[in-house]
Amino acid sequence: MSIKTHVKSRGNHPAYPPRFYVPDDKVNFDIEYDEYNPVKFTHKVVLDNDNTIKSNGWADPQKYESLTDLATRFSYLSYACDPKTKLPLNPFGRTGMIERGLLGKWGPNHAADPIVSRKHNNKQQIVVIKRKDTGEWALPGGMVDPGETITQTLKREFEEEAGNVKPEEKNNFNILMEKLFANGKKIYSGYVDDPRNTDNAWMETVAVHFECDDELGEKLNFLRAGDDAVDVKWLDVDQTNDEYNKLYASHRELVNTTFGLT
Ligand code: RP5
């Protein structure tokens, strides 16, 4: 999968102020853009979760220069730092916003996305959740917690967002989950064109495909939304369907890659 230029990273997010407009031909930081006056924004929820102030805080301190572990932080991409501010620069270019927006980490923020599919009535379907924050349909992925492996994140996020099943279904669901997540195929690792990205903080993900066989696909019909999801369903992989075409961030591209679609 290749992301040619970011689009959603320059667009709106319900919790963000409007961004400074960046035309397509001014996205690349190497192209001069003297008028560029990005909006400075870090959401209060990020500032309130500064991990140097709060013991269970998930966000970096606002003072980038106070970070001591930069050398050991991982990114799927190589990126530069702003010569003036020394802040990490989005490897895909300008977004019309500086600082971190809603993202906790300066630079790369890591997620994992399970692409769970089945064949149903001769149609390819994937599990999607409706996000509480933007109202868009999305893969049931999420942030990698400290100390967690990607494999653990994929299963935990799926279970939290799509597996809020009734107590009497839980045992059966857990058995199906063990079977489903036993084998996955990595589809992608890298940048995500996420509407929360800024010039100094961005999302990266690992997307893994888990295919239900006929029996498992038939049994996995009692999904229920939980956590940050307000709804869950099986969605047809169908490029004539608006819901499919408008999937959150780069999720349509991830699913297209999975099924060899362009
Ligand atoms: C996207 O944001 C990733 O692809 C992943 O699906 C998601 C992770 O963020 P949260 O769902 O935890 O907000 O960029």
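About the criteria used
- Residues numbered from 1 in each chain as written.
- Predicted model: local features only at pLDDT ≥ 70, side-chain atom pairs only at ≥ 80, totals over all residues.
- Heavy atoms only, no water.
- Helix = DSSP H or I, 4+ residues; strand = E, 2+ residues; numbered from the N terminus.
- Buried < 20%, exposed > 50% of the residue type's maximum accessible area, 1.4 Å probe, protein only.
- Near = heavy atom within 4 Å.
- Polar contact = N/O pair within 3.5 Å; in protein donor to acceptor, adjacent residues only side chain to side chain.
- 1 Å grid on protein atoms, 1.4 Å probe; cavity = no way out; pocket = protein on both sides within 12 Å on 5 of 7 lines; lining within 4 Å.
- Sits in = over half its atoms within 2 Å of the grid points.
- Nonpolar A, V, L, I, M, F, W, Y, C, P; charged D, E, K, R; others polar.
- Phe/Tyr/Trp six-rings, centres within 6.5 Å; stacked < 30°, edge-to-face > 60°.
- Lys NZ or Arg CZ within 6 Å of the ring centre and 35° of its normal.
- Pairing = 2+ DSSP bridges.
- Arc of directions from axis to C-beta.
- Contact = heavy atoms within 4.5 Å.
- Salt bridge = Lys/Arg side-chain N within 4 Å of Asp/Glu carboxyl O.

Focus on unusual backbone geometry
Inference 1: Backbone geometry at Asn-122 places phi at a positive 65°, although glycine is not the residue there.
Inference 2: Following the sequence through the fold, Asn-122 ends up in the loop between strand 3 (107-120) and strand 4 (123-131).
Inference 3: A residue is classified by how much of its surface remains accessible, and Asn-122, at 77% relative accessible area, is exposed.
Inference 4: Although it is not a glycine, Ala-249 sits at a positive phi angle of roughly 50°.
Inference 5: Relative to the elements of secondary structure, Ala-249 occurs in the loop between helix 5 (242-245) and helix 6 (251-258).
Inference 6: Of the residues examined, Ala-249 reaches a relative accessible area of 2% and is grouped as buried.

Some words on the site of the ligand
Inference 1: Every residue near the ligand is listed here: Ala-111, Asp-113, Arg-131, Gly-141, Gly-142, Met-143, Val-192, Asp-194, Arg-196, Met-203, Tyr-248 and His-251.
Inference 2: One of the side-chain N or O atoms of Arg-131 is found 2.8 Å from an oxygen atom in the ligand.
Inference 3: A molecule is said to occupy a pocket when more than half its atoms come within 2 Å of that pocket's grid points, and by this definition the ligand occupies the largest pocket.
Inference 4: Every element with two or more residues in the shell around the ligand is listed here: strand 3 and strand 6 (142-143).
Inference 5: Looking at the shell around the ligand, its residues break down into 5 nonpolar, 3 polar and 4 charged.

Things to note about the packing of aromatic side chains
Between two aromatic rings, the relevant description is the distance of the centres plus the angle of the planes.
Inference 1: Under the counting rule described, the total for this entry stands at 10 aromatic pairs.
Inference 2: Between Phe-20 and Tyr-33, the ring centres sit 6.1 Å apart and the planes meet at 55°, which makes this aromatic pair tilted. Of the two residues, Phe-20 is situated in the segment before strand 1 (39-42) and Tyr-33 in the segment before strand 1; the sequence distance between them amounts to 13 residues.
Inference 3: Relative accessible area serves as the criterion here: at 12%, Tyr-33 is assigned to the buried category.
Inference 4: Among the aromatic side chains, those forming a connected cluster through ring pairs are Phe-20, Tyr-33 and Tyr-36.
Inference 5: If you follow Arg-131 out to its NZ or CZ, it ends over the ring of Tyr-248, 4.1 Å from the centre.

Describing the pairing of strand 8 (residues 201-211)
The side chains of a regular strand alternate, first on one face of the sheet and then on the other.
Inference 1: The buried count for strand 8 comes to 10 of 11 residues, which makes it a mostly enclosed element.
Inference 2: Examined bridge by bridge, strand 3 and strand 8 share 11 bridges and lie parallel to one another. Looking across to strand 8, one finds that Pro-108 is bridged to Trp-202.
Inference 3: Bridge analysis of strand 7 (residues 185-192) against strand 8 gives 7 bridges, and the strand direction is antiparallel. Pairing of Lys-186 across the sheet is with Val-208, part of strand 8.

Brief notes about helix 3 (residues 170-180)
Inference 1: Inspection of helix 3 places Phe-173, Leu-176, Met-177 and Leu-180 among the buried residues, and these make up the whole buried set. Looking straight down helix 3, one finds its buried side chains confined to an arc of 105°; they lie on one side. Residues Asn-171, Ile-175 and Glu-178 are exposed on helix 3 and point more than 90 degrees away from its buried face.
Inference 2: Next to the buried residues of helix 3 lie strand 3, helix 2 (150-162), strand 8 and helix 4 (214-219).

Looking at the pattern of salt bridges
Inference 1: Considering all chains together, one arrives at 18 salt bridges under this definition.
Inference 2: Arg-73 is the salt-bridge partner of Asp-69, the closest N and O atoms lying 3.3 Å from each other.
Inference 3: Given a relative accessible area of 24%, Arg-73 falls into the partly exposed group.
Inference 4: Look at the salt bridges and you will find they share partners, linking Asp-145, Glu-148, Arg-156, Glu-157 and Glu-160 into a network.

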